[in-house]
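# Chains, contacts and geometry: an overview
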Amino acid sequence: MRKLLGVNIDHVATVRQARGTVYPSVIEAGLAVEKVGADSVTVHLREDRRHIQDSDVLQLKQQLKIPLNLELAANPEMVAFACQVRPAYCCIVPEKRQELTTEGGLDVLANRHTLAPHIAALSQAGIVVSLFIDPELAQIDGAESLGVKVIELHTGDYAEAESLEERQAQLNRITTATSIAASKGMQVNAGHGLNYANTFDIAAIPEITELNIGHAIIARAIFVGLEQAVQDMLDILQKAS
Ligand code: PXP
């Protein structure tokens with residue numbers, strides 16, 4: 001069976017916010033992604049609202065038939081908003097104001113006392129919570145001890161590897177972490193920095209359930225259109241299965 005594909009459409013909003021226009025529509029993008037056969041739509045509501053806005057999240061929740069995955073930082077304002085909107089999934093990510101994009105996984109161990117009440121509140125609202133973590137045993141153990149059933153492994157170090165040896169080492173790291181988490185009964189997703197050249201090897205890891213991919217798909221959409229860009233990624237996942 002092919003891996004599930006979650007398409008992150010943040011950068012449709014990036015283009016819109018660059019000019020303060022109403023286009024391109026994030027909702028239209030979500031519906032196009034759904035039409036081609038993606039399995040979920042992901043958006044990251046950042047504290048600085050640099051791309052996705054609160055109204056985007058509300059409208060996507062209302063209009064999509066496929067699940068909405070909301071990425072958010074572990075802070076009370078975001079968690080309260082998520083509990084009100086009730087997306088199918090919330091992925092808790094670390095967030096630094098000045099970063100270009102999420103730079104690494106959560107430090108679950110150092111932040112367990114902050115994370116625990118947020119995980120409890122989201123779960124009570126009926127939302128499936130995942131934690132975005134680096135592919136490290138200690139972080140997997142930390143997620144398990146918080147009762148989390150879904151993790152998303154950060155693939156950024158793999159995507160940014162500068163040599164074939166480094167790439168292979170990072171792939172091994174993700175493969176090992178996936179096996180360990182899966183053996184604990186966790187659902188393992190992965191994402192960050194995945195593109196048309198590096199996704200196949202990650203998609204070929206047997207126990208991974210879903211890949212979340214954004215920037216590369218939206219970038220390709222400029223040339224081939226969003227539906228084709230999603231279809232091309234689905235084809236890679238199909239070939240890897
Ligand atoms: N997964 C998580 C948790 C992320 O924060 C991001 C980036 O917002 C992605 C996946 C998608 O990364 P990319 O845009 O590099 O495909």
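Report follows, based on the coordinates. (Residues numbered from 1 in each chain as written. Predicted model: local features only at pLDDT ≥ 70, side-chain atom pairs only at ≥ 80, totals over all residues. Heavy atoms only, no water.)

What follows covers the overall build of the chain. For the chain, the count of helices and strands is eleven helices and eight strands. In terms of overall dimensions, the chain is globule-like: its C-alpha atoms have a radius of gyration of 17 Å, near the 18 Å expected for 241 residues. In terms of overall dimensions, the chain has a C-alpha envelope of 45 × 40 × 35 Å along the principal axes. Taking all 241 residues of the chain together, the buried fraction comes to 51%. In the chain, the share of contacts with a sequence separation of at least 24, taken over all contacts with a separation of at least 6, comes to 67%. Total accessible area on the chain stands at roughly 10900 Å², and carbon and sulfur atoms take up 53% of it. One finds the centroid of the 20 positive side-chain charges in the chain at a distance of 5 Å from the centroid of its 30 negative side-chain charges. (Helix = DSSP H or I, 4+ residues; strand = E, 2+ residues; numbered from the N terminus. Rg over C-alpha atoms; globule rule 2.2 N^0.38 Å. Buried < 20%, exposed > 50% of the residue type's maximum accessible area, 1.4 Å probe, protein only. Contact = heavy atoms within 4.5 Å. Areas by Shrake-Rupley, 256 points an atom, 1.4 Å probe, with all protein chains shown as cover. Lys, Arg positive; Asp, Glu negative; His and termini not counted. Charge placed at Lys NZ, Arg CZ, Asp CG, Glu CD.)

Per the stated rule, a full pass over the model turns up twelve salt bridges. Note that Glu-77 and Arg-49 form a salt bridge whose closest N and O atoms lie 2.8 Å from each other. Here the residue Glu-77 occupies a position in helix α4 (residues 76–85), and Arg-49 occupies one in the loop between β2 (40–44) and α3 (54–63), the gap between them amounting to 28 residues. Residue classification places Glu-77 among the partly exposed residues on the basis of a relative accessible area of 46%. The partner of Arg-220 in a salt bridge is Asp-232, with the nearest N and O atoms 2.8 Å apart. With Arg-220 in helix α10 (residues 215–224) and Asp-232 in helix α11 (residues 226–240), the pair connects residues that are twelve residues apart, well separated along the chain. (Salt bridge = Lys/Arg side-chain N within 4 Å of Asp/Glu carboxyl O.)

In the vicinity of the ligand there are 14 residues, among which Glu-71, Glu-152, Gly-193, Gly-214 and His-215 approach most closely. In the environment of the ligand, an oxygen atom lies 3.4 Å from a nitrogen or oxygen atom belonging to the side chain of Asn-8. Gly-214 is positioned such that a nitrogen or oxygen atom in its backbone is 2.8 Å from an oxygen atom of the ligand. Expressed as a share of its isolated accessible area of 390 Å², the protein-covered part of the ligand is 94%. Residue classes in the shell around the ligand are distributed as three nonpolar, eight polar and three charged. (Near = heavy atom within 4 Å. Polar contact = N/O pair within 3.5 Å; in protein donor to acceptor, adjacent residues only side chain to side chain. Nonpolar A, V, L, I, M, F, W, Y, C, P; charged D, E, K, R; others polar.)

Right, let's get into the pairing of strand β3 (residues 68–72). The side chains of a regular strand alternate between both faces of the sheet. When you tally the buried positions in β3, you get five out of five residues, the bulk of the element. Going residue by residue along β3, you find Leu-68, Leu-70 and Leu-72 tucked away on one face and Asn-69 and Glu-71 tucked away on the opposite face as well. Relative to β3, β2 runs parallel, the two sharing four bridges. Residue pairing in the sheet places Thr-42 in a bridge with Asn-69 of β3. With α3 bridging β2 and its parallel neighbour β3, the resulting β-α-β unit is right-handed. As paired elements, β3 and strand β4 (residues 89–92) share four bridges and run parallel to each other. From the neighbouring strand, Glu-71 faces β4, where its bridge partner is Cys-91. (Pairing = 2+ DSSP bridges. Right-handed = clockwise from strand over helix to strand, strands pointing away.)

Next up on the list: the packing of helix α2 (residues 26–36) against α3. In contact at an axis separation of 9 Å, α2 and α3 are set at 35° when each is read in the N-to-C sense. Judged by the twist between their axes, the crossing of α2 over α3 is right-handed. For the pair formed by α2 and α3, the contact residues are Val-26, Ile-27, Gly-30 and Leu-31 on the first element and Asp-56, Gln-59, Leu-60 and Gln-63 on the second. (Axes fitted to C-alpha atoms, helices over the stretch in contact; angles between N-to-C directions. Left-handed = near helix turned anticlockwise from the far one by under 90°.)

Looking now at the sheet that holds strand β1 (residues 4–8). Taken together, the eight strands give a closed barrel; going around it, the order is β1-β2-β3-β4-β5-β6-β7-β8, and neighbouring strands pair in parallel fashion. If you compare each strand with its neighbour and ignore which way they point, the axes differ by 25° on average.

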